[in-house]
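The primary structure of each chain is shown beneath.
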Amino acid sequence: MVNQVHSTDSNGPLSKHESSGTSSSSSGGDSSKESSRCSTPLLDSDRTDRLREKMRHRMESGDQWFSLEFFPPRTAGGAVNLISRFDRMGAGGPLFIDVTWHPAGDPGSDKETSSMTIASTAVNYCGLESVLHITCCNQSKEKISQHLSKAKRLGLKNIMALRGDPIGNEWEEEAGGFSYARDLVKHVRCEFDDYFDICVAGYPTGHPEAKSYEEDLRHLKEKVDAGADFIVTQLFFRAETFLTFLKDCRAIGITCPIVPGIFPIQGYQSLRQLVKLSKLEVPEEIKEVMEPIKDNDAAIRNYGIDQAVEMCKVLLHSREVPGLHFYTLNREVATMEVLRRLGLWLEDPRRPLPWAVSAHPKRKVEDVRPIFWASRPKSYIYRTQDWDEFPNGRWGNSSSPAFGELNDYYLFYLKSKCAKEALLKMWGEELMSEESVYEVFTCYIAGKPNHNGHKVTCLPWNDDPLASETNLLKEELEKVNRRGVLTINSQPNINGKPSSDPIVGWGPSGGYVFQKAYMEFFTSSENVSALLKVLKKYEPRVNYHIVNVKGENVTNAHDLQPNAVTWGIFPGREIIQPTVVDPVSFMSWKDEAFALWIEQWAKLYEEESPSRMIIQYIHDNYYLVNLVDNDFPLENCLWQVIEDMCKLLDSPVEHPTELHP
């Protein structure tokens, strides 16, 4: 269906152009059901459902791995920082992370600092296989079942079943609850059958409350026999302590994977506190080294790294240890350094797909997304979280994607990692004109300080520095941003680069990847008037879609069909096309893209201030444009399109009248 766009102002640049049936509200209907019509093989074997199967696969292949433990932060700001840490530490390739459970911190609630929220965010928004701790402490069977049902609903598939530490000095039985992890494991299996993979804790020197080491081993076997899939141990300080424990476990018939818990010493006081909580003894040889340097944090940390590396080498060289579990204390430097020295930290530049995947079970087959959310994958996941099915193999021809509204800009995993003060220094404590905004965009692209000497490392549409792929376009992007073509998303044309390419590669080995040149930007109505004249001579090579905040738009997309802009060819696979430009989805994205001007930039300033009014003017009057150059084997023509637009604007004869929608 094709509708004529009627602008509220007849002088608007779109008023004389045809627009294909779009509106500012693109809701209703379930696009996901329409979009999942064929199946493409998963991109790698590690996308199997079960953590225990991933573990088994690594063990059979001799591929040693690591995992990481975190605890929920106390503040909302801490939650933002922790999710950023997940993204950074997730780059090294952990097999899983786990999140601890603190009964005093309302761990099963929807608070942004709860264990449940942090663990589910890691799964859904960071793409990390996550294990949620659950303890018996102060919980009835019914309450535990409620927590487990909620965890399942949120996409969590793995549980660490623990008795937990008492809130007071002595353990108090909960009426209708459990006093032993063994019974908690039985309950999980009884109520949820085989849905959850279950981890339990092991104590290489014996649980401090056990009557003997041998008795504690028997209790551990009871937990495994009740249905536990693997064991992660308490920390220890000597490799032989764990290896003896492992041998003793095997001797009494415990056959499941047993993962050693590693604690890189990071500070004198933190070690004392951890030892106090775990009731462990620090070996004399460690005390003798640490005592003289206890006030030197750097020396303590360096010693802790060295000690952890040497102990881990012994464990790994034994060939009895499939992986290492690190107690991070929510810090990253020491753990990452240990992993790098061990050769376990592997930042593989090849991605399974060109965008950040989610680890939610229902999204496991998802392999197609619109390109618009390339720099805001967490937002895309949030807005599609209620879909029952996800595009697999092709996006499909859907007339109405059911994208949820994005009104919750305050959510910690959608907020900028930067504080307000830092954003003001980057984006301008006082804006003088629209050109001040152009400078911010240009400095971000160039990676250079602004006129106040502050480097611009993010924008409202991208909370990270420029991607390496976008760096290929850096010089041309700088030029167009200086002219008021404010780019928020772009990709170069690629014609058959190996899938192993460190910049643009993705997918399995031995493949080749392709891309059409793409550019998305905000620009003034004057520029749009000239651009529409220029684009006539580039059809059908260039597809375009232009829209303002009110939803008035024009596109030359045929019948609103999606346009594949990234695809890959791999041995023994069908062609995979994971990124599309979809005209209907663009109308949902434009609501978010325009709103970010206000939610993340304008609101930094006082109401009615000149700076806020400048951002408000851009929001109200600029257009959002996307351009696709379909001839990917040829040189990218989009730069020439913009150059022609600028020449037309500069021409005294052809200069169009400035138009406002």
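Everything discussed here concerns the structure shown above.
Source: prediction; values computed, not measured.

(A) Broad picture of the overall build of the protein. From N to C terminus, the protein includes 21 helices and 20 strands. Sorting the 661 residues of the protein into buried and exposed places 58% on the buried side. Restricting to contacts in the protein with at least 6 residues of sequence separation, those with at least 24 account for 74%. Summed over its atoms, the accessible surface of the protein is roughly 28,300 Å², and 48% of this surface lies on carbon and sulfur atoms.

(B) Region of the structure containing the pattern of salt bridges. In the structure shown here, the tally under the stated rule is 41 salt bridges. Two residues, Asp197 and Arg52, come together in a salt bridge whose shortest N-O distance is 3.4 Å. Taken together, the residues Asp197 in strand β7 (residues 197–202) and Arg52 in helix α2 (residues 51–61) connect sequence positions 145 residues apart. Arg52 is the partner of Asp229 in a salt bridge, and the nearest nitrogen-oxygen pair spans 3.0 Å. Linking Asp229 in the loop between α7 (213–225) and β8 (230–235) with Arg52 in helix α2, this pair joins segments that are 177 residues apart in sequence.

(C) Broad picture of the packing of aromatic side chains. In the structure shown here, the tally under the stated rule is 30 aromatic pairs. A network of ring pairs unites the aromatic residues Phe372, Trp373, Tyr380, Trp387, Phe390, Trp395, Phe403, Phe586 and Trp589 as a single cluster. The ring of Tyr195 has Lys152 sitting right over it, with the charged end atom 4.8 Å from the ring centre.

(D) Spatial organisation of the environment of Glu475. Locating Glu475 in the fold gives a position in helix α17 (residues 474–482). Separated by 29 residues in the primary sequence, Glu475 and Ala446 have C-alpha atoms spaced 7.9 Å apart.

(E) How the structure looks around the side chain of Asp98. If you trace the backbone, Asp98 turns up in strand β4 (residues 96–99). Within the buried set, Asp98 has no salt-bridge partner at all; the shortest N-O distance to an opposite charge, 13 Å, is to Lys223. If we ignore the near neighbours within four places in the chain, the residues touching Asp98 are Leu68, Glu69, Phe70, Val131, His133, Met160 and His325.

(F) Here's a closer look at the sheet that holds strand β18 (residues 563–569). Read across the sheet, 5 strands follow the order β11-β19-β18-β14-β13 without closing on themselves; strand pairing throughout is mixed. With partners counted over all chains shown, the strands left at the sheet margins are β11 (369–370) and β13 (494–498), one partner each. Bridge count for β13 against strand β14 (residues 512–515) is 4 bridges, and the pairing is antiparallel. Bridge assignment links Lys497 to a residue of β14, and that residue is Val513.

(G) Structural detail: helix α21 (residues 638–650). Taking 1.5 Å per residue, 13 residues should reach 18 Å; α21 reaches 19 Å between its end C-alpha atoms and fits that length. Turning to α21, its buried residues number three or more, namely Leu638, Trp639, Val641, Ile642, Asp644, Met645, Cys646, Leu648 and Leu649.

(H) Quick look at the sheet that holds strand β16 (residues 542–548). An order of β12-β15-β20-β16-β17 is seen for the 5 strands of this open sheet, with the pairing classed as antiparallel. Two strands bound the open sheet, and with one partner strand each, they are β12 (486–491) and β17 (553–555). Sheet twist, expressed as the mean angle between neighbouring strand axes with direction ignored, is 10 degrees. Pairing analysis gives 3 bridges linking β16 to β17, with the strands arranged antiparallel.

(I) Quick peek at helix α11 (residues 297–317). In this model α11 runs 30 Å from its N-terminal to its C-terminal C-alpha over 21 residues, within 8% of the 30 Å that 1.5 Å per residue would give. Of all the positions in α11, only Ile300, Tyr303, Gly304, Ile305, Gln307, Ala308, Val309, Met311, Cys312, Leu315 and Leu316 are classed as buried. Elements that come into contact with the buried residues of α11 comprise α8 (239–251), β9 (258–262), α9 (268–278), α10 (284–290), β10 (323–327) and α12 (333–342). At the N-terminal boundary of α11, the capping side chain belongs to Asn296, with an oxygen 3.3 Å from the backbone nitrogen of Ala298.

(J) Looking closely at the nonpolar core. Core analysis: the biggest nonpolar cluster contains 82 residues, and Trp461, Trp597, Trp601 and Leu627 have the highest contact counts within it. With sequence-adjacent residues up to four places away left out, Trp461 is seen in contact with Ser375, Arg376, Phe441, Ile488, Phe522, Trp589, Ala593, Leu596, Trp597 and Trp601. Grouped together as the second largest cluster of nonpolar side chains are 69 residues, Phe66, Cys126, Phe196 and Leu246 included.

Calculation criteria
- Residues numbered from 1 in each chain as written.
- Predicted model: local features only at pLDDT ≥ 70, side-chain atom pairs only at ≥ 80, totals over all residues.
- Heavy atoms only, no water.
- Helix = DSSP H or I, 4+ residues; strand = E, 2+ residues; numbered from the N terminus.
- Buried < 20%, exposed > 50% of the residue type's maximum accessible area, 1.4 Å probe, protein only.
- Contact = heavy atoms within 4.5 Å.
- Areas by Shrake-Rupley, 256 points an atom, 1.4 Å probe, with all protein chains shown as cover.
- Salt bridge = Lys/Arg side-chain N within 4 Å of Asp/Glu carboxyl O.
- Phe/Tyr/Trp six-rings, centres within 6.5 Å; stacked < 30°, edge-to-face > 60°.
- Lys NZ or Arg CZ within 6 Å of the ring centre and 35° of its normal.
- Lys, Arg positive; Asp, Glu negative; His and termini not counted.
- Pairing = 2+ DSSP bridges.
- Expected span 1.5 Å × (residues − 1).
- Axes fitted to C-alpha atoms, helices over the stretch in contact; angles between N-to-C directions.
- Polar contact = N/O pair within 3.5 Å; in protein donor to acceptor, adjacent residues only side chain to side chain.
- Core = buried A, V, L, I, M, F, W, Y, C linked by side-chain atoms within 4.5 Å.

Any functional reading would require information beyond the geometric quantities listed.
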